[in-house]
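Next come the chains, spelled out residue by residue.
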Amino acid sequence: MKNILFLILFLPALLFAQNTLLVPSQYSTIQNAINVSSNGDTILIAPGTYNEAISFIGKDIVVTSEFIYNQDTSYISNTILDGTGLVNQDIVSITSGENNALLYGLSIKNGNFINMGRAGVCVSNSSHAVIDNVIIENIFTDGHGPGVFINNQSNVVIKNSIIRNNTSRMNGGGIYIENSVVNIDSSTITENTCVLADGSLTGHGGGISIWSNSDVQIENTLINRNSSNTGGGVYVANSDINLIYNDISLNTAQHDGGGLTLSSYTTGPHNAMITNCTFYDNAAISNPLISNGIKIAPNGAYFVTTILNSIIWENIDGSVNSVEYSNIQQGLSGTGNISVVPDF
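Residues numbered from 1 in each chain as written. Predicted model: local features only at pLDDT ≥ 70, side-chain atom pairs only at ≥ 80, totals over all residues. Heavy atoms only, no water.

Draft legend 1. Region of interest: the sheet that holds strand β34 (residues 316-317). One open sheet holds the 10 strands; their spatial order is β4-β7-β9-β11-β15-β19-β23-β27-β31-β34, and the pairing between them is parallel. Whereas interior strands pair on both sides, the edge strands pair on one side only; in this sheet they are β4 (54-55) and β34. As paired elements, strand β9 (residues 121-123) and strand β11 (residues 148-150) share 3 bridges and run parallel to each other. Considered in β11, the bridge of V123 is made with I150. (Pairing = 2+ DSSP bridges. Helix = DSSP H or I, 4+ residues; strand = E, 2+ residues; numbered from the N terminus.)

Take a look at the structure:
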């Protein structure tokens, strides 16, 4: 997580802009302002709906609503990047090797990306970005990750944000991560789904789908009411995952891992740390009494799975290396463990 820590430490410097470019009073569109901006500038967007796709075009800038100055959350919901009618474009693209890009205090919504696999926010090609106090909702794609799509050795912080009611025909109903380093903090990932046109659940990771040697930490985050074929809440394949102080609940998988699926298909091992988390009321429709909570896949590589000081009030299907000081419905042995119906 060293790169993420560097990004967070660098973030305050971004808030002291060299120049502030005003949209729409100075520039009619957000992209026009970005085009003439320089590293360190702030693009300040007035409340309104902006039906455009924007790209950071390799610049280390801040794109923000007036929330950045007064912390009035109404600016988040009333400053909208609307993807209605966009064709073959992500609503926000951070894909040109940006070193420190900040998207702050606004809403991104309403994309219908058929036959193109686009997203609300795409971060790719070794780009570094912070997505802070952003709402991303009501976006459909027949590709991966309609809310946020991250790949190709990128480094991203998502914090204080809401990713909700997005739909994928493939993997990652809310967020898709591949071969990248990501920290998700103090956010809500809810009511995202991977579903086919006939209504049947498909894909992996209704809320978050993590692939291909990624390193992901999720903390202080609510992941609930998401759905997919496997890993209704979170799906992890051949990657490291660190879950800290999360509520993972009320998610649904058709097959396994209503809350979490840990999967592997090449050599490992990979690490899964679950600390101070709560899993409850997740569902696996086809295997309700076996893997409604957590599925740890045995094939190929393996996960070193550690659970500490957590409540897992549902079933764990697979081997856990260490469980301590936790309330486990299955009554797994370990130092300080109990099995007592929790009083939520």
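Draft legend 2. Here's a closer look at the nonpolar core. Grouped together as the largest cluster of nonpolar side chains are 64 residues, with contacts concentrated most on I30, I43, V63, V92, I108 and I208. Dropping the residues within four chain positions of it, I43 is found in contact with L21, V23, I30, A33, I34, S37, I61, V62, V63 and T64. In terms of nonpolar packing, the next biggest core, distinct from the first, is built from 11 residues, I68, Y75, I76 and V157 among them. (Core = buried A, V, L, I, M, F, W, Y, C linked by side-chain atoms within 4.5 Å. Buried < 20%, exposed > 50% of the residue type's maximum accessible area, 1.4 Å probe, protein only. Contact = heavy atoms within 4.5 Å.)

Draft legend 3. Representation of the pattern of salt bridges in the model. Enumeration over the complete set of coordinates arrives at 4 salt bridges. When the shortest N-O distance is used, the salt bridge between K109 and E137 registers 3.1 Å. Taken together, the residues K109 in strand β8 (residues 101-113) and E137 in strand β10 (residues 128-141) connect sequence positions 28 residues apart. Judged by its relative accessible area of 17%, K109 falls in the buried class. Overall, the relative accessible area of 9% leaves E137 in the buried class. Put simply, K109, E137 and R164 are held in one network by salt bridges that share partners. (Salt bridge = Lys/Arg side-chain N within 4 Å of Asp/Glu carboxyl O.)

Draft legend 4. Region of interest: the pairing of strand β24 (residues 240-244). The alternating pattern of β24 places I241 and L243 on a buried face and D240, N242 and I244 on a face that is not buried. Sheet topology note: the strand β20 (residues 215-219)/β24 ladder contains 5 bridges and is parallel. Paired with D215 across the two strands is D240, which belongs to β24. Direction of pairing for β24 relative to strand β28 (residues 270-275): parallel, over a ladder of 4 bridges. Opposite I244, over in β28, you have T275 as the bridge partner.

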